[in-house]
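A structural walkthrough
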Amino acid sequence: MFLDRTVCFCSTMNRIDLPHLVWTLESLAEGTLVNRIEVDKETEAYAKLALERMLALP
């Protein structure tokens with residue numbers, strides 16, 4: 001199942017399915033961190049910038 005059928009899908013993002021997304025969000029709501037990803041500081045800074053820009057879109 002695709003969350004949005006109107007865009008070109010990234011092969012990695014395409015692997016995210018609704019059941020796993022729900023499981024991850026429910027785990028976070030319960031205070032359990034799953035699938036943690038750790039990166040170096042430079043990558044972290046660029047990733048944060050990219051997320052902030054996406055969230056700022058109308």
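Analysis parameters
- Residues numbered from 1 in each chain as written.
- Predicted model: local features only at pLDDT ≥ 70, side-chain atom pairs only at ≥ 80, totals over all residues.
- Heavy atoms only, no water.
- Salt bridge = Lys/Arg side-chain N within 4 Å of Asp/Glu carboxyl O.
- Buried < 20%, exposed > 50% of the residue type's maximum accessible area, 1.4 Å probe, protein only.
- Helix = DSSP H or I, 4+ residues; strand = E, 2+ residues; numbered from the N terminus.
- Expected span 1.5 Å × (residues − 1).
- Patch = residues over 30% accessible without salt bridge, like charges linked within 9 Å, V, L, I, M, F, W, Y side chains within 5 Å.
- Areas by Shrake-Rupley, 256 points an atom, 1.4 Å probe, with all protein chains shown as cover.

**Some remarks on the pattern of salt bridges**
Per the counting criterion, the structure on display carries two salt bridges. A salt bridge links E38 to R36, with the nearest nitrogen and oxygen atoms 3.7 Å apart. For the residue pair E38 and R36, the accessibility class agrees, reading exposed in each case. When the shortest N-O distance is used, the salt bridge between E44 and K41 registers 3.5 Å. Of the two residues, E44 and K41 are both situated in helix α2 (residues 41-56); the distance of three residues between them amounts to about one turn of the helix.

**A word on unusual backbone geometry**
Its identity as a non-glycine residue notwithstanding, N35 has a phi of 55°, on the positive side. Mapped onto the elements, N35 comes out in the loop between α1 (18-29) and α2. For N35, a relative accessible area of 57% translates into the label exposed.

**A word on α1**
In a regular helix each residue adds 1.5 Å, so twelve residues correspond to 16 Å; α1 covers 16 Å between its end C-alpha atoms and thus fits that length. Where α1 ends, the next residue or the one after it, G31, has phi of about 90°, a positive value.

**Overview of α2**
Its 16 residues give α2 an end-to-end C-alpha distance of 22 Å, which sits within 8% of 22 Å, the value for a rise of 1.5 Å per residue. Little of α2 sits inside the fold, with zero of its 16 residues counted as buried.

**Some thoughts on a nonpolar patch on the surface**
Residues L25, L28 and L33 make up a contiguous nonpolar surface patch of roughly 290 Å² in combined accessible area. Tracing the backbone shows L28 in helix α1.

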